[in-house]
Amino acid sequence: MLSSTPPVPTRLHYGWIVAGLTFLVLLVGAGVRATPGVLIVPWEREFGWSTATISGGIALNIFLYGMIGPFAVAIIERFGLRRSVCTTLVVLAVGTAATVLMREVWQMVLLWGLVVGAGTGMVANVLGATIAARWFGRHRGLVVGLLTASAATGQLVFLPVLAHLAEGQGWRSVALTVALAALALVPLVAWLMRDRPSDLGLPRFGETTVQPAPKGGINPARRALQGLATGLRSRDFWLLSGTFFICGASTNGLIGTHLIPACIDRGIPAVTAAGVLALMGLCDLVGTTASGWLTDRYDPRRLLAWYYGLRGLSLMFLPYSFDFSVYGLSLFAVFYGLDWIATVPPTVSLAGKVFGEENAALMFGWIAAAHQIGAASAAWAAGAVRTGTGDYFSAFVSAGLLCIAAAMMALFVGTRPREPVPVAA
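Residues numbered from 1 in each chain as written. Predicted model: local features only at pLDDT ≥ 70, side-chain atom pairs only at ≥ 80, totals over all residues. Heavy atoms only, no water.

Named according to an unreviewed UniProt entry, the protein is Sugar phosphate permease originating from Methylorubrum rhodinum.

So, on to the nonpolar core. If you look at the biggest cluster of nonpolar residues, it comprises 129 residues, and the most contacted ones within it are Trp43, Trp112, Leu127, Ile255 and Met280. Here this core spans two domains, and each of domain 1 (14–200) and domain 2 (220–412) adds at least three residues to it. (Core = buried A, V, L, I, M, F, W, Y, C linked by side-chain atoms within 4.5 Å. Buried < 20%, exposed > 50% of the residue type's maximum accessible area, 1.4 Å probe, protein only. Domains from an automatic or database assignment.)

Moving on: the packing of aromatic side chains. Tallied over the full model, the rule gives 15 aromatic pairs. A centroid spacing of 6.1 Å and a plane angle of 45° characterise the contact between tyrosine 14 and tryptophan 135, whose relative ring orientation is tilted. Of this pair, tyrosine 14 sits in helix α1 (residues 14–34) while tryptophan 135 is found in helix α6 (residues 125–135), placing the two residues 121 residues apart along the sequence. Per residue, the accessibility class of tyrosine 14 equals that of tryptophan 135, and both read buried. The interplanar angle of 70° and the centroid separation of 5.6 Å between the aromatic rings of phenylalanine 71 and tryptophan 366 together place this pair among those described as edge-to-face. With a gap of 295 residues between them, phenylalanine 71 in helix α3 (residues 51–79) and tryptophan 366 in helix α15 (residues 360–389) connect regions that are remote in the sequence. According to the relative accessible area criterion, tryptophan 366 is buried, its value standing at 7%. (Phe/Tyr/Trp six-rings, centres within 6.5 Å; stacked < 30°, edge-to-face > 60°. Helix = DSSP H or I, 4+ residues; strand = E, 2+ residues; numbered from the N terminus.)

Helix α12 (residues 300–321) packs onto helix α10 (residues 235–265) with a crossing angle of 35° between their chain directions and a minimal axis gap of 12 Å. For the pair α10 and α12, the crossing hand works out as left-handed. Facing α10, whose interface residues are Thr243, Phe244, Cys247, Ser250, Thr251, Leu254, Ile255 and Leu259, α12 presents Tyr308, Arg311, Leu315 and Leu318. When grouped by side-chain class, the residues that make up the contact of α10 with α12 number eight nonpolar, three polar and one charged. (Axes fitted to C-alpha atoms, helices over the stretch in contact; angles between N-to-C directions. Left-handed = near helix turned anticlockwise from the far one by under 90°. Contact = heavy atoms within 4.5 Å. Nonpolar A, V, L, I, M, F, W, Y, C, P; charged D, E, K, R; others polar.)

Moving on, we get to the side chain of threonine 343. Here threonine 343 is to be found in the loop between α13 (325–337) and α14 (344–355). On the accessibility criterion, threonine 343 (0% relative accessible area) is buried. If sequence neighbours within four positions are ignored, threonine 343 has contacts with Phe244, Cys247, Leu304, Tyr307, Tyr308 and Arg311.

Attention shifts here to the side chain of asparagine 61. The topology assignment puts asparagine 61 in helix α3. A distance of 3.2 Å separates a polar atom in the side chain of asparagine 61 from a polar atom in the side chain of arginine 33. (Polar contact = N/O pair within 3.5 Å; in protein donor to acceptor, adjacent residues only side chain to side chain.)

This is the structure we're talking about:
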């Protein structure tokens, strides 16, 4: 059993330790999820698979990454943070390591699509939203921003290294590297992670009253599906899900998956392209953290409108940035990177305002599922566009126009009375 109890700091609230540990877990999870973007071209060369075929497996990965989210929240509520996260990291390590043996398309779909997709979905943004809600009564938006930014930092840390490994040592070394990274976190999570502040006799950060843990087990499937049923009756849920569908299509699905192949098409090496993504990740670390700070202070609807509008303009500029080689791409990376997933803190905030803070993580899980459906759709569609036309121009411009539409949709969220909340048992 995992029963060791670390010493509780007298000055630093333990919530910050849990948040820091969660940052590392989300960082590794994001690195694992982003890894197939480095592997598309090596797989094409070794196995003769088309971009569209590989994109289908990646689309399943991204789809499950989102669809697992609401069930992940309910599973964590039922079995606890520490047990759930440790189990997930082991699954990721085994799933990615096993891919070195694959030879057929169905094996790629099973391992990188199903196993890795479901595993990374357990350690995605919904985990950050859960930590922020459980451990922080104050600075919650800032914490959501920091934890969301870890996804960008995952790219910053992993992608240039993985691209270099893929070119120098082959793609199998990439799979083993991310497997070891996931496995290395297991003992740290087992030692330091705690489910709730009440486990240590603490109130949430910024509060003075210890909140007891809920009693009784909750059926994870029932809890998640009740949340979905409530959401489907809500106009605000459809608006938030629609904007987040577009968010996923324009980030993970399109840029996260296809920017490296698009650069290779223009004669830019994979390592250089991965460096562009890393610069984007560094900028998003700043942008998303700042977004969390802004969300604590300003109307999240207006923030979302600005974020989506600026993202749309940057995506429509991207096809022309290749004319300026790495310099144009660097300009795109800075401008786009500041906005990469800055949408998460205001979206979580709006979910809490509409459905109640106690349901924010669960409802955000379903909204995030729409994000990954959008990402999966774009990952497949952009691959099909490249296979059919030879380039990504139409995919980039279409995504930009969708972002402009999302900017307008965001302004209508929360303009009606609060919706009924889902039953929690």
